[in-house]
Structures are given as structure tokens and as C-alpha cells.
Amino acid sequence: MQIRSFAPGRVNLIGEHTDYTGGLVLPMALDMGITIEGEIGGDRLTLRSVQFDESFTRTLPIGADDDSLPEWAGYLTAAARFLHLAEGFSGTITSSLPKGGTGLSSSAALLVSAMLAFGALDEDTLDRRKQIARDVHEVELDATGLRNGLMDQLASIASIEGHATLINCGTLDIRPVKIPDSMDVLVFHSGQPRMLADSEYNARSDSAKQIQSLLGPLLDVTLDDVATLADPMLQKRARHIVTENARVMQMIDAFAADDPEQCGAILNEGHRSLAEDYEVSTPIVDAIQQQVNNTPGVFGARMVGGGFGGSLVALAEPGTNLDVDTWWTRARPGPGASLTVLD
Ligand code: GLA
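Description of the structure in this document. (Residues numbered from 1 in each chain as written. Predicted model: local features only at pLDDT ≥ 70, side-chain atom pairs only at ≥ 80, totals over all residues. Heavy atoms only, no water.)

Here the focus is the packing of aromatic side chains. With the rule as written, the count across this model stands at 3 aromatic pairs. Pairing Tyr 20 with Tyr 201 gives two aromatic rings, centres 5.5 Å apart and planes at 70°, and the pair type is edge-to-face. Of the two residues, Tyr 20 sits in the loop between strand 1 (2–12) and strand 2 (24–25) while Tyr 201 sits in helix 5 (residues 201–215), which places them 181 residues apart along the sequence. Both residues of the pair, Tyr 20 and Tyr 201, count as buried. Between Phe 56 and Trp 72, the aromatic rings sit 5.6 Å apart at their centres with planes inclined by 55°, giving tilted as the arrangement. Taken together, the positions of Phe 56 in strand 5 (residues 54–59) and Trp 72 in helix 1 (residues 71–82) put the pair 16 residues apart, joining distant regions of the chain. Using a relative accessible area of 7% as the deciding quantity, one classes Trp 72 as buried. (Phe/Tyr/Trp six-rings, centres within 6.5 Å; stacked < 30°, edge-to-face > 60°. Helix = DSSP H or I, 4+ residues; strand = E, 2+ residues; numbered from the N terminus. Buried < 20%, exposed > 50% of the residue type's maximum accessible area, 1.4 Å probe, protein only.)

In C-alpha cells, the structure reads:
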């Protein structure tokens, strides 16, 4: 049987470094992602990456980790091992996402696409999709040691075309949210590759856990509670998380009111909070955020994802073009992951 799976990358509109604390996020699936096309059958897993011009073959069942594999192949064997893949698959992987270190969730997209190609979506319900998101999260944690949240996986697998997705990462409740036609979503790269596993990402998620153990669930915490923290560093981290959760709901309101100026102001304030309170930005990222923010037609801009490089997002008047030396695109809210039987 010939099949094709597709899983999109994502840009997060607002709600950064909140997912691993059970907070609110508002990502949007991109109309770019990872496609795996191939044939089910046999007793081997054979995959070729067009983007990296590399391939591998392993006989099933997939055994312990193998250091000789390139990183992308390691993700795929980890997914096959997790699913106890018993039936072979031979296929090709193509990506329409920009290459490497973008912060647009190419690794979550690769794993979601692989899970679908390997038969994980045996029934297409939202609950099953949420379970696959959790499974991908577990595989990724094993493979990279990154203690991240569920935003990337859920955005890739549970988004609805034409919408951003409001996710409560505590309950995993999901609500599609329409982005008003009065603004374009522009995604652009900082020029600085982002490598989360090498960054201070885990230190941030550890601090968040520490704050939670002191103050309780962070969605219920107020700025008065934050002020009771003795450690000034923890106070700053907590202030970001608490105000960022609030910004997600402010953005929902500003979308509903069709108020692009307010949406831009929320992005700018989100960036300031990530740079000053959460300290996950860099001088290069700050400089391009400011440059784009000063572009006529741009309502606001901020860094996206874990930080320490990678991509940014701006909201702008329809038709606005960016004058940057790096990669940029006008992003359209694409559909969530899909599996198609070709014959
Ligand atoms: C990375 C992680 C996500 C999320 C963001 C920050 O993209 O993979 O889970 O924590 O950083 O919001």
C-alpha cells in the first residue's frame, strides 16, 4: 500500500515558554512541513531524506540507539521503536520548511509525519491525535533530553486550516481561532541558528518547575503572588510566565475586536518580556525585531519558540513586505497533519 503523510511546522503567535507549565499558547500551523511518501510492506525500514541527501535501512524490529545514524534518521528509528513497528516501510522524506535551526518545529513535524506514516493514526479522532502528540513528545524527550511542552506537537497534529489554535497545555483543551483579514502573519529568520538542546532551555523549564512548587499552578498565579518570591531571578521568570498567559487571552480579545494595533502591541510586549524577564533572546534577535518593527505597515513583532536565535513573527498590514537579508515568508494558517492512502 502506497501512502503519504504530511505534518506542518508552526509559528507561535503568542504564549512562549508557557506550555511546559500547563499554560496557554496560540500557535498557527504553517502551510509548510514534512511529507513522507512511500510503501508499506516487507521487514525493513528504509527512508531517504531529499533535504539532507542521505538514506538509511534497518531491519525490523528496530533495536537500541545507533550513533552512526544522522540526527533526522535517529528521530525516525526512535519513532519506529516506540511504536514497535512490525511492518516495513520504504519511503522518501521531503521538507518545505527552511533548513535547520529555524525554531519552526521541524523536528516535531518530522516525528508527527513519521508516526502517521508508521500507522499510529489507526482512528482519526481528536483524542487519538492528542495521544500521538504526547507520544511524539516522549520520543523527542528520549532523543534530545529537551524538557519542552506539548505546543509544537499539538499545533502540528491538531490545527485546523485557516485558524490559529488556542491550547490550554494543562487540560489539552483546544480551540480554533480565526485570524482577522486585517493583518498578515509574516515569519522571518534572525540569521542566528537556534539549537535548543545546547541552550539554556532546560534551565528555564527547571526554574518554572521550581516556581510552580512554590506558588502552585501558574495559570492561577497573580503578580502579587510573584512579588512574594524571595529570589529576584525566579521573580523575573515567573513574571514572564504570568503576563504571557494573560497576553494569550488579550490576543484572543484583540483578534475578536479586529484591532491590529493592539495585536502588534501585544507582540512587542511579549518580546520585551522574553528578552528582559525570561532572558531567552539575543542581541541579533533583538536587532532584527526592532528593524522589522520599524517597517511601515508592521504592527508588532517578537521572537518565536525557545529563543537563543531562530525565527520571529510579525503582524502587518496586508501586503506588507519585509526588507531583511534573511529568509522570510507571508505565512498562511495551514491544515494539521494528514495521512492519505494513494492506492
Ligand atoms: C520550544 C519548545 C516548545 C515551547 C517553546 C517555547 O519550541 O519545543 O515546547 O516550550 O520552545 O514556547
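Moving on, there is more to tell.
The antiparallel open sheet is built from 4 strands, whose spatial order is 10-11-9-12. Both edges of this open sheet fall to strand 10 (298–303) and strand 12 (328–331), since each of them pairs with a single strand only. Shown here is a sheet whose adjacent strand axes are inclined to one another by a mean of 25°, direction ignored. Judged from the 5 bridges that link them, strand 10 and strand 11 (residues 311–316) form a sheet pairing that is antiparallel. (Pairing = 2+ DSSP bridges. Axes fitted to C-alpha atoms, helices over the stretch in contact; angles between N-to-C directions.)

Before going further, it helps to examine the site of the ligand. Around the ligand sit 13 residues in total, of which Glu 16, His 17, Asp 19, Asp 152 and Tyr 201 are the nearest. Measuring from an oxygen atom of the ligand, one finds a backbone N or O atom of His 17 at 2.7 Å. Between an oxygen atom of the ligand and a side-chain N or O atom of Asp 152, the distance comes to 2.6 Å. Protein chains bury 98% of the 310 Å² of accessible surface belonging to the ligand in isolation. Grouping the constituent residues of the shell around the ligand by class yields 4 nonpolar, 5 polar and 4 charged. Taken together, domain 1 (2–178 + 333–341) and domain 2 (184–331) each give at least three residues to the shell around the ligand, which thus spans both. (Near = heavy atom within 4 Å. Polar contact = N/O pair within 3.5 Å; in protein donor to acceptor, adjacent residues only side chain to side chain. Areas by Shrake-Rupley, 256 points an atom, 1.4 Å probe, with all protein chains shown as cover. Nonpolar A, V, L, I, M, F, W, Y, C, P; charged D, E, K, R; others polar. Domains from an automatic or database assignment.)

Take the pairing of strand 11 next. When you tally the buried positions in strand 11, you get 6 out of 6 residues, the bulk of the element. Along strand 11, one buried face is formed by Ser 311, Val 313 and Leu 315 and the opposite face, lined by Leu 312, Ala 314 and Ala 316, is buried too. Relative to strand 11, strand 9 (residues 184–189) is paired through 6 bridges, and the arrangement is antiparallel. For Val 187, the partnering residue across the bridge sits in strand 11 and is Val 313.

Our focus in this paragraph is the nonpolar core. Judged by nonpolar contacts, the single largest core of 75 residues is most densely connected at Leu 26, Leu 45, Leu 47, Phe 118 and Val 185. No other element matches the 8 residues that helix 2 (residues 106–117) contributes to this core. Each of two domains, domain 1 (2–178 + 333–341) and domain 2 (184–331), supplies a minimum of three residues to this core. Setting aside residues up to four positions removed in sequence, Leu 26 forms contacts with Asn 12, Leu 13, Ile 14, Ala 164, Thr 165, Leu 166, Val 177, Val 248, Met 251, Ile 252 and Phe 255. (Core = buried A, V, L, I, M, F, W, Y, C linked by side-chain atoms within 4.5 Å. Contact = heavy atoms within 4.5 Å.)

The next point concerns the sheet that holds strand 4 (residues 44–49). Taken together, the 6 strands give an open sheet; going across it, the order is 5-4-6-3-1-13, and neighbouring strands pair in mixed fashion. Each edge of the open sheet is held by one strand with a lone partner, namely strand 5 and strand 13 (338–341). Between one strand axis and the next, the sheet turns by 20° as a mean value, whatever way the strands run. Where strand 4 and strand 5 come together, 6 bridges link them in antiparallel fashion.

As for its placement among the helices and strands, Val 112 is situated in helix 2. When its relative accessible area of 0% is taken as the criterion, Val 112 is described as buried. Between the alpha carbons of Val 112 and Ala 337 there is a distance of 7.4 Å; along the sequence they are 225 residues apart. Other than its neighbours up to four places away in sequence, Val 112 contacts Ala 7, Val 136, Gln 153, Ser 156, Ile 157 and Ala 337.

Any functional reading would require information beyond the geometric quantities listed.
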